[in-house]
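# Structure assessment
So you can see what is in the structure, the chains are spelled out below.
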Amino acid sequence: MAYVTLKEILRGARENGYGVGAFNFNSYEDAQGIINGAAEKKAPVILMASAGAVKYIGVKQTAYMVKGMAESVDIPVCLHLDHATSMDLIKACIDAGFTSVMIDASKKAYEENIRESALVARYAGKTGCSVEAELGRVGGKEEDVIVKEGKDTYTNPNDVPRFVKETGIDALAIAFGTAHGFYKKEPNLDFELIKTVAGITDIPLVMHGGTGVPPEGFKKAIASGISKVNVGTELKATYVNTLRDVVKKNPNEADPRNYLKAVKEQCAEVVKGKIDIFGCADKIV
Ligand code: 13P
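Residues numbered from 1 in each chain as written. Predicted model: local features only at pLDDT ≥ 70, side-chain atom pairs only at ≥ 80, totals over all residues. Heavy atoms only, no water.

### Quick look at helix α9 (residues 215-224)
It helps to recall that an α-helix has 3.6 residues per turn; residues three or four apart then point in one direction. Taken residue by residue, α9 has Gly-217, Phe-218, Ala-221, Ile-222 and Ser-224 as its buried positions. Taken down its axis, α9 places every buried residue within 160° of arc, on the same side. In α9, the exposed positions that point more than 90 degrees away from the buried face belong to Glu-216 and Ala-223. The inward-facing, buried residues of α9 contact α8 (191-200), β11 (205-207), β12 (226-231) and α11 (257-278). Gly-225 lies just past α9 and shows a positive phi near 135°. (Buried < 20%, exposed > 50% of the residue type's maximum accessible area, 1.4 Å probe, protein only. Helix = DSSP H or I, 4+ residues; strand = E, 2+ residues; numbered from the N terminus. Arc of directions from axis to C-beta. Contact = heavy atoms within 4.5 Å.)

Dropping the structure here:
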């Protein structure tokens with residue numbers, strides 16, 4: 001139906017009590033699986049490419065591939081650059097037609113985070129591309145970024161009003177107890193913190209580190225004010241585990257499509273399950 005910005009795809013999510021799934025992909029198969037799963041559920045969907053994924057696939061290749069996929073289905077699709085720190089990469093993705101980018105300057109001092117996030121928002125404004133930034137630090141390992149976990153990394157609500165006003169961003173990632181990668185024990189999420197931040201600002205709030213969060217955790221986070229829900233590691237694991245299994249079962253297959261079709265289908269299954277939890281099925285506006 002449409003290739004849309006993050007701002008557009010998240011519009012109405014908080015008021016209507018649902019979250020929009022944002023899923024990391026690394027190649028054609030998982031990207032198409034994500035879109036197929038969302039299309040089956042008639043759900044809006046955000047496809048996220050990390051800096052590493054964009055380097056692997058190519059900037060224009062990523063943008064044109066996802067735009068082509070978006071134009072072939074009847075749901076809104078947003079293409080988002082996840083956790084970028086390089087201004088050159090961010091500009092290249094905006095110029096190539098990404099509809100959303102994340103500038104992650106969260107490890108920098110508050111003033112510098114504001115300065116860099118504002119710079120990206122100004123550049124993105126030229127094409128109407130949306131911008132997500134992060135306040136506080138989401139724990140765990142995301143590609144080569146490792147953040148220790150602990151309450152001192154949580155978002156400080158007092159930092160929010162000035163950050164939102166001076167940067168001009170469209171969505172804010174907050175740290176409230178989630179972490180990237182698999183959890184060693186069930187995460188303890190601070191839902192009150194989400195509610196506090198949601199009471200301070202109307203801009204959509206983003207939850208990172210979705211892999212391993214139980215359904216009730218997602219539901220409570222969304223009811224507390226989260227609008228964009230990120231899931232990455234679970235899809236990576238689905239991709240490699242499916243591929244390993246299907247190769248093991250059919251070691252003499254000569255056509256790669258007969259292996260990779262299973263990857264596409266299993267990624268779609270994971271996405272459909274998450275869409276049911278996030279409540280965004282049939283929410284295409
Ligand atoms: P997980 O890999 O823990 O699901 O987190 C994904 C994410 O937040 C990407 O930004």
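Read on, since the account is not over.
### Notes on the packing of helix α10 (residues 233-249) against α11
Closest axis-to-axis distance for the α10/α11 pair is 9 Å, and the angle between their directions is 145°. At the point where α10 passes α11, the crossing takes the right-handed sense. Contact residues: α10 offers Glu-234, Leu-235, Thr-238, Tyr-239, Thr-242, Leu-243, Val-246 and Val-247, while α11 offers Asn-258, Tyr-259, Leu-260, Ala-262, Val-263, Gln-266, Cys-267, Val-270, Val-271 and Lys-274. Classifying every residue of the contact of α10 with α11 gives 12 nonpolar, 4 polar and 2 charged. (Axes fitted to C-alpha atoms, helices over the stretch in contact; angles between N-to-C directions. Left-handed = near helix turned anticlockwise from the far one by under 90°. Nonpolar A, V, L, I, M, F, W, Y, C, P; charged D, E, K, R; others polar.)

### What to know about helix α7 (residues 160-167)
Turning to α7, its buried residues are Val-160, Phe-163, Val-164 and Thr-167. Down the axis, α7 shows its buried residues gathered within 95° of arc, on one side only. Considering only its buried residues, α7 is in contact with α6 (110-125), β6 (130-135), β9 (171-174) and α8. Directly after α7, the chain includes Gly-168, whose backbone phi takes a positive value near 75°.

### Some thoughts on the pattern of salt bridges
Per the stated rule, a full pass over the model turns up 13 salt bridges. Across the salt bridge formed by Lys-272 and Glu-40, the nearest N and O atoms sit 2.8 Å from each other. A residue pair is termed long-range when its members are at least 10 positions apart, and Lys-272 in helix α11 and Glu-40 in helix α2 (residues 28-41) qualify at 232 residues. For Lys-272, a relative accessible area of 13% translates into the label buried. With relative accessibility at 57%, the residue Glu-40 sits in the exposed group. Note that Asp-276 and Lys-41 form a salt bridge whose closest N and O atoms lie 3.0 Å from each other. Highlighted residues: Asp-276 in helix α11 and Lys-41 in helix α2, separated in sequence by 235 residues. Several salt bridges share partner residues, and in doing so they unite Glu-40, Glu-269 and Lys-272 into one network. (Salt bridge = Lys/Arg side-chain N within 4 Å of Asp/Glu carboxyl O.)

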